[in-house]
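Close look at the chain arrangement
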Amino acid sequence: ESLTHVKDLLEKHPVHYQTTERIYTFFPSKAGVGTSTIALNVSAAMARKNNAKVLLSDFDLNSGMVRFLLQLGNTHSVPEACEHCDELDENLWPQLVTSFNGLDVLHAGRINPHVRIEPAQVRTLLGFMRRNYDTLCFDTSGNLERYSVELMQESKRVFLVCTPEIPSLHQAREKMAFLRELELDTRVSVILNR
């Protein structure tokens with residue numbers, strides 16, 4: 001009877017061994033250049049295309065604009081997902097994300113300067129996400145935290161968003177120089193947001 005139950009569960013939720021390589025990270029040259037809006041719109045467009053299973057995760061723990069832009073009430077967030085990264089399964093995950101017009105969203109939560117996320121937690125969380133989604137999009141703060149760099153290293157493409165103003169362009173150049181040192185510059189595309 002137990003084996004039949006397990007067999008039925010596996011038929012309903014088969015084990016997937018494939019992981020996605022479609023990982024995109026968005027980060028700003030400086031705050032306020034529209035990165036979260038671009039990440040949200042690109043993610044939503046990808047979710048509509050071919051009914052792809054897309055996740056947008058807001059790793060900008062300093063501002064968490066995705067939660068505001070979508071007016072999300074879900075209290076679960078990226079820090080909580082990282083805290084429980086070793087326990088994630090098909091029962092816990094739906095409680096953490098919010099579905100919004102076919103797009104799954106994991107927001108940054110309320111501003112809490114005491115929250116710390118370790119790269120090891122991000123790697124474990126990313127492994128779970130890769131097994132369960134076709135495309136992953138990450139909105140980051142631009143502060144180049146260790147976990148943000150970890151996400152960029154796993155990304156197929158990194159989008160550096162800037163505006164035409166001199167301070168924004170200057171910061172974009174500085175960040176490109178840093179990414180060049182990490183040998184990530186070949187993955188970066190610059191988006192000039194007008």
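Residues numbered from 1 in each chain as written. Predicted model: local features only at pLDDT ≥ 70, side-chain atom pairs only at ≥ 80, totals over all residues. Heavy atoms only, no water.

**Remarks on the pattern of salt bridges**
Threshold: Every case where a carboxyl oxygen of Asp or Glu lies within 4 Å of a side-chain nitrogen of Lys or Arg is listed as a salt bridge. Strands here are runs of E lasting at least two residues and helices are runs of H or I lasting at least four, both read from the DSSP assignment and numbered beginning at the N terminus. The classification of residues rests on relative accessible area computed with a 1.4 Å probe and restricted to protein chains. Under 20% of the type maximum is buried, over 50% is exposed, and intermediate values are partly exposed.
Under the defined criterion, the tally for this structure stands at five salt bridges. The partner of glutamate 154 in a salt bridge is arginine 130, with the nearest N and O atoms 2.9 Å apart. Here glutamate 154 is found in helix α7 (residues 146-154), whereas its partner arginine 130 is found in helix α6 (residues 119-132), with 24 residues between them in sequence. According to the relative accessible area criterion, glutamate 154 is partly exposed, its value standing at 30%. Among the salt bridges present, the one from arginine 180 reaches aspartate 185, with a minimum N-O distance of 3.8 Å. Residue classification places aspartate 185 among the partly exposed residues on the basis of a relative accessible area of 24%. Via salt bridges that share partners, Glu21, Arg130 and Glu154 belong to a single interconnected network.

**A word on α6**
Applicable threshold: An expected span of 1.5 Å times one less than the residue number is assigned to each helix.
A rise of 1.5 Å per residue sets the reference length of α6, with its 14 residues, at 20 Å; its end C-alpha atoms lie 20 Å apart and thus fit the reference within 8%. Listed as buried for α6 are Pro119, Val122, Leu125, Leu126, Gly127, Phe128, Met129 and Arg130.

**Here we look at the side chain of aspartate 60**
Where we set the bar: A residue counts as positive if it is Lys or Arg and as negative if it is Asp or Glu; His and the chain ends are not included. Whether two residues touch is decided by their heavy atoms; if any such pair falls within 4.5 Å, the residues are in contact.
Residue placement: aspartate 60 occurs in the loop between β2 (54-59) and α3 (65-70). There is no salt bridge for the buried aspartate 60, and the closest opposite charge comes from lysine 175, which lies 9.9 Å off by N-O distance. Setting aside residues up to four positions removed in sequence, aspartate 60 forms contacts with Ala108, Asp139, Thr140 and Ser141.

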